[in-house]
Amino acid sequence: LEELLEVPTAAVILEPLDATEASTLTCTPYHWTDPDGDPEGAQFEWTVAGAAVSATGATLTGDDFDRGDEVTCTVYPDDGDGPLGQPLTSNPVTILNTPPAIPEVELLPADPYTEDDLVCDVVTPVPDVDPDVVTYTYRWSADGVLQPAQTTDTVPSVSTQLGQEWTCEVQAFDGAEVSAWVSATTVVVPHE
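Residues numbered from 1 in each chain as written. Predicted model: local features only at pLDDT ≥ 70, side-chain atom pairs only at ≥ 80, totals over all residues. Heavy atoms only, no water.

Chemist: I tried to follow the overall build of the protein chain on my own but got confused; where do I start?
Modeler: Summing up its helical and strand segments, the protein chain has 1 helix and 15 strands in all. Whereas a compact globule of 192 residues would reach a radius of gyration of roughly 16 Å, the protein chain reaches 28 Å, over 25% beyond that. Among the 192 residues that make up the protein chain, the fraction classed as buried is 36%. As displayed, the protein chain has an accessible area near 10500 Å², and 52% of this comes from carbon and sulfur atoms. (Helix = DSSP H or I, 4+ residues; strand = E, 2+ residues; numbered from the N terminus. Rg over C-alpha atoms; globule rule 2.2 N^0.38 Å. Buried < 20%, exposed > 50% of the residue type's maximum accessible area, 1.4 Å probe, protein only. Areas by Shrake-Rupley, 256 points an atom, 1.4 Å probe, with all protein chains shown as cover.)

Chemist: For this particular structure, what's the right way to read the state of the cysteines?
Modeler: Simply put, the disulfide is a covalent bond whose two ends are the sulfur atoms of two cysteines. Overall, the coordinates contain 2 disulfides when judged by the stated rule. Note that Cys 27 is cross-linked by a disulfide to Cys 73, the S-S spacing being 1.8 Å. Looking down the S-S bond of the Cys 27 and Cys 73 bridge, the torsion is 70 degrees, so its handedness is right-handed. Taken together, the positions of Cys 27 in strand 2 (residues 24-33) and Cys 73 in strand 6 (residues 70-77) put the pair 46 residues apart, joining distant regions of the chain. There is no split in this pair, since Cys 27 and Cys 73 are both buried. (Disulfide = S-S within 2.5 Å.)

Chemist: Sorry, what's going on with the side chain of Thr 20 here?
Modeler: Along the polypeptide, Thr 20 turns up in the loop between strand 1 (9-15) and strand 2. A relative accessible area of 16% means that Thr 20 is categorised as buried. Separated by 3.4 Å, the side chains of Thr 20 and Thr 98 make a polar contact. Ignoring sequence-local partners within four residues, the contact set of Thr 20 consists of Phe 65, Ile 95, Leu 96, Asn 97 and Thr 98. (Polar contact = N/O pair within 3.5 Å; in protein donor to acceptor, adjacent residues only side chain to side chain. Contact = heavy atoms within 4.5 Å.)

Chemist: Please clarify how the sheet that holds strand 12 (residues 145-146) should be interpreted in this entry.
Modeler: Strand pairing within a sheet occurs via backbone hydrogen bonds; the two strands may be parallel or antiparallel. With antiparallel pairing, 4 strands are arranged side by side in an open sheet as 12-11-14-15. Edge strands, defined here as strands with exactly one partner in the open sheet, are strand 12 and strand 15 (182-187). Here 6 bridges tie strand 14 (residues 165-173) to strand 15, and the two strands are oriented antiparallel to one another. Residue pairing across strands places Cys 168 opposite Ala 184, the latter belonging to strand 15. (Pairing = 2+ DSSP bridges.)

Chemist: Looking at this structure, I do not really get the pattern of salt bridges. What am I missing?
Modeler: A side chain of one charge can pair with a side chain of the opposite charge when the charged atoms of the two come close. Taken as a whole, this structure holds 2 salt bridges when the rule is applied. Residues Glu 169 and Arg 139 are paired through a salt bridge, measuring 2.9 Å at the closest nitrogen-oxygen approach. You can see Glu 169 sitting in strand 14 and its partner Arg 139 sitting in strand 11 (residues 135-142), a full 30 residues away along the chain. For Arg 139, a relative accessible area of 30% puts it in the partly exposed group. (Salt bridge = Lys/Arg side-chain N within 4 Å of Asp/Glu carboxyl O.)

Chemist: What is the right way to look at the sheet that holds strand 10 (residues 118-124) in this model?
Modeler: As summarised here, the arrangement of the 3 strands in space is 9-10-13, forming an open sheet in which the pairing is antiparallel. Among the strands making up the open sheet, the edge pair consists of strand 9 (104-108) and strand 13 (154-155). Note: strand 10 against strand 13, 2 bridges, orientation antiparallel. Opposite Leu 118, over in strand 13, you have Val 155 as the bridge partner.

Chemist: Whenever I open this one, the pairing of strand 3 (residues 42-48) confuses me. Can you help?
Modeler: Along any regular strand the residues' side chains alternate between the sheet's two faces. Judged from the 7 bridges that link them, strand 3 and strand 6 form a sheet pairing that is antiparallel. In the strand pairing of strand 6, Trp 46 is matched with Cys 73. Where strand 3 and strand 4 (residues 51-53) come together, 3 bridges link them in antiparallel fashion. Across the sheet, residue Trp 46 finds its bridge partner in strand 4, namely Val 53.

Next up, the structure:
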């Protein structure tokens, strides 16, 4: 009985609660008590999507979990001097989606003639932390009027007129969430 009274105890919390695959989860024991006054210590076990993982430290990175996984950690209070305390399981954290970044776009050619197709170019493909396949949605306006027939990255020259101002808007989609719209604008010019 005396040995049982010397077992340390603690509570535990897992953070951040809004974790994504880019996050590092931290399992933190608190309210540590030890009848002997021994220094705080702990051993850690991690569970991801219902299965144990090999990590044994107080933190876990996105290398060990994916979007949608539920993660918990279990702490065994350890004062280094005797039996471990009762295991304590943390609050569960469900890994959230990381929205795609806002793409960078440009209209090509920069100064189009009436015989040029307009191309809305995603300058650098948007990386996705999760990693999901990212697709793009395009919408075009001519002189401020939405052109519902134009839904790809290219407007053929037969659809443009001299002096028209064309705006291309692009939005990235990772299968779960969308980025903000980003736009580029150009004006169809005459040959000099």
